[in-house]
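Now for the letters of each chain:
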Amino acid sequence: MADERVALQLVINGRLVRGDVEPRTLLAYYLRDELGLTGTHVGCDTSQCGACTVLLDGLAVKSCTVLAVQADGCRVTTVEGLASGGHLHPVQRAFQEEHGLQCGFCTPGAMMLAAWLVEQEPHADERAIREALDGLICRCTGYENIVRAIQRAQALSEASEEPGLQRAEGGRGR
Ligand code: FES
Ligand code: FES
């Protein structure tokens, strides 16, 4: 027998979304399969790779570790929500400029983690950046360029007068 569906309401990339899901549905699959936001990648399903990272009320979280119903009433930002008004987010520009990707599979998660870090710790040094990347597995081992891209994003964000993407409300991501 199929699980009973549960109503939920979230703000995703600035847009109010109302829907219903089976209680067991993971946020990653709700975003991808029910909302078509396939920029959020699923690389392991076991909370290791970080490809599924999104912002949940400003916190970087692995969306394969969160039930969709746990996000009820929350703000969710996916990689599709980084750009605004036709302009790339500083993190996107930085990854482009520093070639912070190879195959691109981990890139949505890497950019969401970077967006969170730049917002939370705009002056994080290289060591802190590398520590923050601890939960991200890049199968192409493109870490050097990812670190450089985050450093570039820090500089671009500092030079930008645009407000931050979201104000985080707590500490480290899940
Ligand atoms: S798919 Fe979520 S951590 Fe790998
Ligand atoms: S760029 Fe290929 S997995 Fe990171």
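Residues numbered from 1 in each chain as written. Chains lettered and ligands numbered in written order. Predicted model: local features only at pLDDT ≥ 70, side-chain atom pairs only at ≥ 80, totals over all residues.

Engineer: In this structure, what is going on with the packing of helix 2 (residues 90-97) against helix 3 (residues 107-120)? I would like to understand it.
Structural biologist: To characterise two packed helices, one gives the angle between the axes of the helices and the distance between these axes. Axis separation between helix 2 and helix 3 bottoms out at 9 Å; the angle between their running directions is 125°. Our classification of the angle between helix 2 and helix 3 gives oblique. Note that helix 2 runs across helix 3; the crossing there is right-handed. For the pair helix 2 and helix 3, the contacting residues are Val91, Gln92 and Phe95 in the first and Thr107, Met111, Ala114, Ala115 and Val118 in the second. The residue inventory of the contact of helix 2 with helix 3, partitioned by class, reads six nonpolar, two polar and no charged. (Axes fitted to C-alpha atoms, helices over the stretch in contact; angles between N-to-C directions. Helix = DSSP H or I, 4+ residues; strand = E, 2+ residues; numbered from the N terminus. Parallel < 35°, antiparallel > 145°, perpendicular 65-115°, else oblique. Left-handed = near helix turned anticlockwise from the far one by under 90°. Contact = placed C-beta atoms within 7 Å. Nonpolar A, V, L, I, M, F, W, Y, C, P; charged D, E, K, R; others polar.)

Engineer: How should I be thinking about the environment of Leu67 in this particular structure?
Structural biologist: Examined against the element boundaries, Leu67 turns out to sit in the loop between strand 4 (59-62) and strand 5 (75-77). Note: C-alpha distance between Leu67 and Ala28 (39 residues apart in sequence) is 8.4 Å. For Leu67, the residues in contact, after removing those within four places along its chain, are Pro23, Thr25, Leu26 and Leu27.

Engineer: Would you explain the environment of Thr78 in this entry?
Structural biologist: With respect to the helices and strands, Thr78 occurs in the loop between strand 5 and helix 2. For Thr78, a count of 24 C-beta atoms within 10 Å translates into the label buried. With 28 residues separating them in the primary sequence, Thr78 and Gly50 have C-alpha atoms 13 Å apart. Not counting the four nearest positions on each side in its chain, Thr78 is found in contact with Ile12, Asn13, Leu31, Leu37, Gly39, Thr40 and Val54. (Buried ≥ 20, exposed ≤ 12 C-beta atoms within 10 Å, placed from the backbone.)

Engineer: Teacher, can you tell me more about the sheet that holds strand 4 here?
Structural biologist: Strand pairing within a sheet occurs via backbone hydrogen bonds; the two strands may be parallel or antiparallel. Read across the sheet, five strands follow the order 2-1-5-3-4 without closing on themselves; strand pairing throughout is mixed. Either end of the sheet is taken by a strand with one partner, and the two such strands are strand 2 (15-21) and strand 4. Strand after strand, the sheet turns through a mean of 40° between neighbouring axes, direction not considered. As paired elements, strand 1 (residues 6-12) and strand 2 share seven bridges and run antiparallel to each other. When the bridges of strand 2 are listed, Ile12 appears paired with Arg15. (Pairing = 2+ DSSP bridges.)

Engineer: Can you help me understand the domain arrangement of the protein chain in this one?
Structural biologist: Think of interface size as the accessible area that goes away when the parts come together; that is how it is often given. Domain annotation for the protein chain reports domain 1 (6-81) and domain 2 (90-159). Taken over C-alpha atoms, the centre of domain 1 sits 21 Å from the centre of domain 2. The element contributing the most residues to the side of domain 1 that touches domain 2 is strand 3 (residues 53-56), with three residues. Residues belonging to the side of domain 1 that touches domain 2 are distributed by class as follows: seven nonpolar, seven polar and no charged. (Domains from an automatic or database assignment.)

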